[in-house]
Structure formats: structure tokens, C-alpha cells
Amino acid sequence: MSAPHSPGPWKLWDTDIDGDGFAHSDWPHVMTSDGTAVCDLCDWGSLELDEQRDNARLIAAAPELYQALLQAQEYLHDIAPAMEYDANEVLLRKARGEA
């Protein structure tokens, strides 16, 4: 099953996202490997820059985390098909926008 998101890997970009040599923002951006923007984190609200960067790193890891959970779910069903893995299924549905 394919994931309903931009393909990974995603990367954290802190500055100079368009390569012109200028830092357009101190706030992090998450981009695909071809430079397509996934999300921009900004200074709205009360989060400090370091916390925003931590959040951006977690967001950037999302495609690989999704794939790892999907593979773990498939493996668990292969070795113990009668068991239910509700927590994994809930998270996978949430990532697909089904929950």
C-alpha cells in the first residue's frame, strides 16, 4: 500500500532554501529531496526556535517512520496473524487520514 503523502526522504532546511545564498528565515522548512516544500515552521505562537527545529526534524522523519511502522505491522501479521495490533492500525489510519 502506498502512502498518501509526498515521497520521502524529507529533509530539514534551516536557511537558504532556494540556493541564492541568503537566509530567508531563521525558521526551519521541511522539503522533499527534489526541493518541494512539505511545510514551513514559523514564529507564530510561543514555541522557541530550538523546539521548532525539533518538530521539523520529527516531521522530516515522517515518511520513513510511516514505512517502518507499515513494515512492522506486516511482519507482525505474518508471524502471528490471529493477534490484533490495534495501536499500529490506529496510527497507520491516522497517517492516511482515515481516523
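Report follows, based on the coordinates. (Residues numbered from 1 in each chain as written. Predicted model: local features only at pLDDT ≥ 70, side-chain atom pairs only at ≥ 80, totals over all residues. Heavy atoms only, no water.)

Digging into the layout of surface pockets
Empty pockets left among the atoms are what a rolling probe the size of a water molecule brings to light. Keep this limit in mind: Each cavity reported here is a set of points on a 1 Å grid over the protein atoms alone in which a 1.4 Å probe fits but cannot get out, each pocket an open set with protein on both sides within 12 Å along at least five of seven lines, and each lining residue one with an atom within 4 Å of a point. Grid points are joined across faces, edges and corners, and a volume is the space filled by probe spheres set on the points. Going along the chain from the N terminus, every DSSP run of H or I of four or more residues is numbered as a helix, and every run of E of two or more is numbered as a strand. Three categories are distinguished: nonpolar for Ala, Val, Leu, Ile, Met, Phe, Trp, Tyr, Cys and Pro, charged for Asp, Glu, Lys and Arg, and polar for the others, with Gly belonging to the last.
If you add up the space inside the largest pocket, you get close to 250 Å³. Lining of the largest pocket is provided by H5, W10, L58, A62, P63, L65, Y66, L69, L91, K94 and A95. Looking at the lining of the largest pocket, the elements that each hand over two or more residues are α1 (49-79) and α2 (86-95). The leading source of residues in the lining of the largest pocket is α1, at six residues. For the lining of the largest pocket, the class distribution of residues is nine nonpolar, one polar and one charged.

A short note on the side chain of Q52
Convention followed: Residues count as neighbours in contact if any of their non-hydrogen atoms are within 4.5 Å of one another.
Secondary-structure assignment places Q52 in helix α1. Other than its neighbours up to four places away in sequence, Q52 contacts W27, P28, L41, C42 and L47.

Details of the pattern of salt bridges
Where we set the bar: Salt bridges are defined by distance alone: a side-chain nitrogen of Lys or Arg within 4 Å of a carboxyl oxygen of Asp or Glu.
Counting across every chain of the model gives two salt bridges. Of the charged contacts in the structure, one is a salt bridge between R96 and E98, with a shortest N-O distance of 3.2 Å.

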